[in-house]
Amino acid sequence: MKKIWCIVLVGILGVVSLMSGCSSSAEENDSGALKVAFVSPVVDSEAAETYAQTLTQRDASITGVECTSITMGSSEKDPTGYMAATVQLTGLIASQEIDVIFFDIESAAADARNDTFYALSDLFTEEELAKMDGKTIDYAQVDEEGNEISERTATVGLNVSTEEDLTEFMNSDEIGIYIVGNAPHVDQAKALLLSYVTE
């Protein structure tokens, strides 16, 4: 039974992978391009691609963007689809295919608790962090039963929910931007995140 489940999951994952890719760089495999993912319960992939094309305008260091959109779905209504999307995202992160994630804030909690993202204090100066005051994101840790406790994660994200284009095509009122802990293009990722507090 377990083997059949794995085969089904791999098949679904393949379909999701084919449907979720989008690229706004001149050459899709350009290793110098910033790798951005848009992840929420429902993502409009065409709108995500259009938005990704604008990111090169936010900082001169961003010369190209490769993007992926992942619709997570619901763990309650469609656990198989949710699991496939989770496996896809985990695989992309492990293979260093993502620098930055625009993430539905609630959905990002598990990854934050698993140390998937850089702590902002590890990347930015005190002056830069001061510009983010009131907009940063951290999460309550949870116990073995999933109940929130007083301990919190590091500050790992920046709330960009005021960006109406993002909230619209990601179908969420609360969107954050996070830098992945093994991001291959950290300097570009930092420049992108900072652009949301200096514009």
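Structural data are supplied above this passage.
Residues numbered from 1 in each chain as written. Predicted model: local features only at pLDDT ≥ 70, side-chain atom pairs only at ≥ 80, totals over all residues. Heavy atoms only, no water.

1. Things to note about the pairing of strand β7 (residues 148-152)
Looking along a regular strand, one sees side chains alternate from face to face of the sheet.
Thought 1: One ladder, built from two bridges, connects strand β6 (residues 140-142) with β7; its direction is antiparallel. In the strand pairing of β7, Val142 is matched with Glu148.
Thought 2: Here β6 folds back onto β7, and the loop between the two strands holds five residues, one of which, Gly146, carries a positive phi near 85°. (Pairing = 2+ DSSP bridges. Helix = DSSP H or I, 4+ residues; strand = E, 2+ residues; numbered from the N terminus.)

2. Considering the environment of Ile62
Thought 1: With respect to the element layout, Ile62 can be found in the loop between α2 (45-54) and β3 (65-71).
Thought 2: The buried category is assigned to Ile62, whose relative accessible area is 3%.
Thought 3: Counting along the chain gives 28 residues from Ile62 to Leu34, while the straight-line C-alpha distance between them is 6.7 Å.
Thought 4: If sequence neighbours within four positions are ignored, Ile62 has contacts with Leu34, Leu55, Thr56, Gln188 and Leu192. (Buried < 20%, exposed > 50% of the residue type's maximum accessible area, 1.4 Å probe, protein only. Contact = heavy atoms within 4.5 Å.)

3. Brief notes about unusual backbone geometry
Thought 1: Phi is positive for Gln96, which is not a glycine, with a value near 55°.
Thought 2: Locating Gln96 in the fold gives a position in the loop between α3 (79-94) and β4 (100-104).

4. Quick word on the side chain of Asp104
Thought 1: The residue Asp104 is located in strand β4 in this model.
Thought 2: Reaching out from Asp104, the side chain makes a polar contact with the side chain of Ser107 at a distance of 2.6 Å.
Thought 3: If near-sequence neighbours (up to four positions away) are discounted, Asp104 is found in contact with Val39, Ser40, Pro41, Met170, Ser172, Glu174 and Ile175. (Polar contact = N/O pair within 3.5 Å; in protein donor to acceptor, adjacent residues only side chain to side chain.)

5. Thoughts on the pattern of salt bridges
Thought 1: Under the counting rule described, the total for this entry stands at two salt bridges.
Thought 2: Note that Arg152 and Asp138 form a salt bridge whose closest N and O atoms lie 3.2 Å from each other. Placement of Arg152 in strand β7 and of Asp138 in the loop between β5 (136-137) and β6 is noted, with a sequence separation of 14 residues between them.
Thought 3: The class of Arg152 is partly exposed, set by a relative accessible area of 44%. (Salt bridge = Lys/Arg side-chain N within 4 Å of Asp/Glu carboxyl O.)

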